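Survey of secondary and tertiary structure
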Amino acid sequence: MPRAEANGVELFYEVAGAGDPLVLVHGSWGDHHTWLPALPALAARFRVLVYDRRGHSRSERPPGQGARHEDEEDLASLMETLGFAPAYVAGTSFGASTALGLAARRPDLVRGLVAHDPPLTGIVPDDPGLRPLMSAVEESFAAVLTHLRDHEPEAAARRFTDEIALGPGTWDGLPPWVQQTFLANASTFLDEHGDPHGAHLDLAGLAACTGPVLLTRGTDSPPWCAAITGRLVAALPQAATLTFEGAGHIPHVTHPEAYARAVTAFADRAGGGSVAASAAAGPRP
């Protein structure tokens, strides 16, 4: 079981494929397995690094309150330790927040960035359209956190998947091993929400990152994600955007071929030189 020490913690990782380096950063509740549906297609073009973030599955779970900047430092250290710097970095949900945070802090490590649905609500505090959208899910978020504090991980996971992230009935349709992964990592989701800076981002620092960026969402993504993407586009004028038709918060799981094509096309354009102009059109999955 390959593990590497990164930023003082032991992280589980796997490497597949050959080509340009690509690091995949998973979101909350899951682990590196969430990338498996898209991994074969990505490994045909890239040398791919997947790993379990701290507090998830096979990686170390340090005691005490964590912070997203620790995940960013973990990622930086892991990339440098394993020879994946600079690399294309792709993340979804909290993993996208981590990837964006890394780009703001260490742009030298990021060859290109793909971010899907980062839950960075702290960067749009005054958006007039966001308030009603967030009000619709605040009760569910509060209930999820209450269930976790009361040591009721299944009730928390069910409400999170069905009412916030993926849609009604999702939890019961997940394979048992996916449900078990969610339950094993539930306490880390609570920890992530204990970080007072977890929903914020250094936009000025991110703006200094001049490399190519692709910001993606799905037609069925949580509606409040659109405002966040819009704010990121304003901070990153070179960023392209892409919408996955029929997909939601986890396109790499539900639409893996389309996701892999989008990441591959993004890297091919970035390597071709005319990034801003060609990326503006964006591939249609």
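Residues numbered from 1 in each chain as written. Predicted model: local features only at pLDDT ≥ 70, side-chain atom pairs only at ≥ 80, totals over all residues. Heavy atoms only, no water.

1. Things to note about the overall build of the protein
Secondary structure summary: the protein contains 13 helices and eight strands in total. Taking 19 Å as the expected radius of gyration for a compact globule of 285 residues, we find that the protein reaches 17 Å, a close match to that expectation. Dimensions of the protein, computed from C-alpha atoms along their principal axes, come out at roughly 50 × 45 × 35 Å. Out of the 285 residues in the protein, the part that is buried amounts to 55%. For the protein, long-range pairs separated by at least 24 residues make up 75% of all intrachain contacts whose partners lie at least 6 apart in sequence. For the protein, the accessible area works out to roughly 11,400 Å², and carbon and sulfur atoms hold 55% of it. Looking at the protein, you have 20 positive and 33 negative side-chain charges, and the mean spots of the two groups are 5 Å apart. (Helix = DSSP H or I, 4+ residues; strand = E, 2+ residues; numbered from the N terminus. Rg over C-alpha atoms; globule rule 2.2 N^0.38 Å. Buried < 20%, exposed > 50% of the residue type's maximum accessible area, 1.4 Å probe, protein only. Contact = heavy atoms within 4.5 Å. Areas by Shrake-Rupley, 256 points an atom, 1.4 Å probe, with all protein chains shown as cover. Lys, Arg positive; Asp, Glu negative; His and termini not counted. Charge placed at Lys NZ, Arg CZ, Asp CG, Glu CD.)

2. Quick notes on helix H7 (residues 176-184)
Within the sequence span of H7, burial applies to Val 178, Gln 179, Thr 181 and Phe 182. End-on view of H7: buried residues confined to an arc of 160°, all on one side of the axis. Facing away from the buried side of H7 by more than 90 degrees, the exposed set consists of Pro 176 and Gln 180. Packed against the buried residues of H7 are helix H5 (153-165), helix H6 (170-173) and helix H8 (186-192). (Arc of directions from axis to C-beta.)

3. Side note on the pairing of strand E1 (residues 3-6)
The alternating pattern of E1 places Ala 4 and Ala 6 on a buried face, while none of Arg 3 and Glu 5, on the opposite face, is buried. Where E1 and strand E2 (residues 9-17) come together, four bridges link them in antiparallel fashion. Considered in E2, the bridge of Ala 6 is made with Val 9. Hairpin remark: E1 followed by E2, antiparallel, with two residues in the connecting loop; positive phi at Asn 7, about 55°. (Pairing = 2+ DSSP bridges.)

4. What to know about the confidence of the model for the protein
In this model, the protein carries an average pLDDT of 92, and 95% of its residues clear a pLDDT of 70 or more. Scored below 50 in pLDDT, residues 272-285 shows 19 contacts in the model against residues more than four places distant or in partner chains. (pLDDT = per-residue confidence, 0-100.)

5. Comments concerning the packing of aromatic side chains
A full pass over the atoms with the stated rule returns nine aromatic pairs. Taking 6.0 Å as the distance between ring centres and 35° as the angle between the ring planes, the aromatic pair formed by Phe 244 and Tyr 259 counts as tilted. Of the two residues, Phe 244 sits in strand E8 (residues 240-244) while Tyr 259 sits in helix H12 (residues 256-272), which places them 15 residues apart along the sequence. An aromatic cluster of at least three residues, connected via ring pairs, comprises Trp 29, Phe 160, Trp 171, Phe 182 and Phe 189. (Phe/Tyr/Trp six-rings, centres within 6.5 Å; stacked < 30°, edge-to-face > 60°.)

6. As for the packing of helix H2 (residues 68-81) against helix H3 (residues 94-105)
Running from N to C, H2 and H3 point in directions that differ by 70°, and their axes come no closer than 9 Å. In terms of orientation, H2 lies roughly perpendicular with respect to H3. Where H2 approaches H3, its residues Arg 68, His 69, Asp 71, Glu 72, Glu 73, Leu 75, Ala 76 and Met 79 are matched on the opposing element by Phe 94, Ser 97, Thr 98, Gly 101, Leu 102 and Arg 105. Of the residues assigned to the contact of H2 with H3, the class counts are five nonpolar, four polar and five charged. (Axes fitted to C-alpha atoms, helices over the stretch in contact; angles between N-to-C directions. Parallel < 35°, antiparallel > 145°, perpendicular 65-115°, else oblique. Nonpolar A, V, L, I, M, F, W, Y, C, P; charged D, E, K, R; others polar.)

7. Some thoughts on the pairing of E2
As paired strands, E2 and strand E4 (residues 46-51) are joined by five bridges and run antiparallel to one another. Paired with Ala 16 across the bridge in E4 is Val 48.

8. Examining unusual backbone geometry
Looking along the chain, the bond that leaves Ala 85 and enters Pro 86 is cis, with omega of -5°. Despite not being glycine, Ser 93 shows a phi value in the positive range, around 55°. On the secondary structure map, Ser 93 appears in the loop between strand E5 (87-92) and H3.

9. Re the nonpolar core
If you look at the biggest cluster of nonpolar residues, it comprises 63 residues, and the most contacted ones within it are Val 23, Trp 29, Met 79, Val 89, Leu 206 and Leu 232. Among the elements that make up this core, the one with the highest residue count is helix H4 (residues 130-149) (seven residues). Contacts of Leu 232, omitting those with residues within four sequence positions, involve Leu 100, Pro 118, Ile 123, Leu 201, Leu 203, Leu 206 and Leu 215. Val 50, Leu 242, Ala 262 and Ala 270 belong to the second largest nonpolar core, which has 26 residues in total. (Core = buried A, V, L, I, M, F, W, Y, C linked by side-chain atoms within 4.5 Å.)

10. A word on the pattern of salt bridges
Side-chain pairs of opposite charge can arise whenever the charged atoms involved come near each other. A full pass over the atoms with the stated rule returns 15 salt bridges. The partner of Arg 111 in a salt bridge is Asp 20, and the shortest N-O contact between them spans 3.4 Å. Residue Arg 111 is located in strand E6 (residues 110-116), and its partner Asp 20 is located in strand E3 (residues 20-25); the two are separated by 91 residues in the primary sequence. One salt bridge connects Glu 72 with Arg 105, and the closest N-O pair in it is separated by 3.1 Å. One end of the pair, Glu 72, is in helix H2; the other, Arg 105, is in helix H3, and 33 residues separate them in sequence. Residue classification places Glu 72 among the buried positions, given a relative accessible area of 4%. One connected set of salt bridges, linked through shared partners, spans Asp 20, Arg 45, Arg 111 and Asp 268. (Salt bridge = Lys/Arg side-chain N within 4 Å of Asp/Glu carboxyl O.)

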